[in-house]
Amino acid sequence: ARAAAPEPRRTFGAFFFPCGVADYWRPAKTGVGNEWSLSPILEPLAPVKSHLTVLGNVGNYGPFGGHITPSHSNLTGAFLTCVRPNRPAGSSDPLLGGVSADQVIAQSLGGRTKLASLQVGLTTTLSDPYGLPGEFSRSISWAAPDQPMYKAVNPQAVFDRIVAAGPTP
């Protein structure tokens, strides 16, 4: 029976904080294995702590060569792609971005899950894209350089999509 057991599920979650995070998000003590401590905001994850990796001080300055202007659209568009987004607002040129890491993972699943990926967000507020197309300030997930994966913000729609997909085989 053990030989027929399915391989364990693995989940990738990317959380984007466009203006950074407060210090209370960072682990209280860093380390490996049980040597690190959860911060107060991460405390609800205590039951799965041994399965977590929390990264800090991660920057994505490579595509920009230093200072990033405008920051919001560029950082959002490059978060999981590591590609500097480009296309002047109002241009008819195709978007120039990159495939995001979450979509590379989703493609590698090859249909082993009912939902290859799910993009969820908290707001539909249109941020100022500062001269770049709005897609770059509203999408961290990209299926192709010209195909943003827009987030679902309606909790009912997210629930319906998960339930409609049914259980994973």
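Look a little higher up for the structure.
Keep in mind that this is a model prediction, so the values were computed, not measured.

Here's the deal with the overall build of the protein
Stage number 1. Along the backbone of the protein there are four helices and two strands.
Stage number 2. Put simply, the protein runs from its N terminus to its C terminus through helices and strands in the order α-α-α-β-β-α.
Stage number 3. The proportion of buried residues among the 169 residues of the protein is 25%.
Stage number 4. Restricting to contacts in the protein with at least 6 residues of sequence separation, those with at least 24 account for 54%.
Stage number 5. Accessible surface, the protein: about 11600 Å² in total, of which carbon and sulfur atoms supply 58%.

Topic: the packing of aromatic side chains
Stage number 1. Under the criterion given, the structure shown has one aromatic pair.
Stage number 2. Look at Phe16 and Phe79: their rings are 4.8 Å apart centre to centre, the planes differ by 50 degrees, and that puts the pair in the tilted class. Taken together, the residues Phe16 in the segment before α1 (71-78) and Phe79 in the loop between α1 and α2 (101-109) connect sequence positions 63 residues apart.
Stage number 3. According to the relative accessible area criterion, Phe79 is partly exposed, its value standing at 28%.
Stage number 4. Above the ring of Trp36, the side-chain terminus of Lys49 is found at 5.1 Å from the ring centroid.

A closer look at α2
Stage number 1. Within α2, burial applies to Asp102, Gln103 and Ala106. All buried residues of α2 fall inside an arc of 95 degrees around its axis, so they share one side. Set apart from the buried face of α2 by more than 90 degrees, the exposed residues are Gln107 and Ser108.
Stage number 2. On its buried face, α2 is in contact with β1 (142-144).
Stage number 3. Just downstream of α2 lies Gly110, where phi reads positive at about 55 degrees.

Some words on a nonpolar patch on the surface
Stage number 1. Together, Leu118, Val120 and Ile162 make up an exposed nonpolar region whose accessible area comes to about 240 Å².
Stage number 2. As for its placement among the helices and strands, Leu118 is situated in the loop between α2 and α3 (134-138).
Stage number 3. The partly exposed category is assigned to Leu118, whose relative accessible area is 32%.

Criteria and cut-off values
Residues numbered from 1 in each chain as written. Predicted model: local features only at pLDDT ≥ 70, side-chain atom pairs only at ≥ 80, totals over all residues. Heavy atoms only, no water. Helix = DSSP H or I, 4+ residues; strand = E, 2+ residues; numbered from the N terminus. Buried < 20%, exposed > 50% of the residue type's maximum accessible area, 1.4 Å probe, protein only. Contact = heavy atoms within 4.5 Å. Areas by Shrake-Rupley, 256 points an atom, 1.4 Å probe, with all protein chains shown as cover. Phe/Tyr/Trp six-rings, centres within 6.5 Å; stacked < 30°, edge-to-face > 60°. Lys NZ or Arg CZ within 6 Å of the ring centre and 35° of its normal. Arc of directions from axis to C-beta. Patch = residues over 30% accessible without salt bridge, like charges linked within 9 Å, V, L, I, M, F, W, Y side chains within 5 Å. Salt bridge = Lys/Arg side-chain N within 4 Å of Asp/Glu carboxyl O.

Read these as layout, nothing more, since geometry by itself doesn't imply function.
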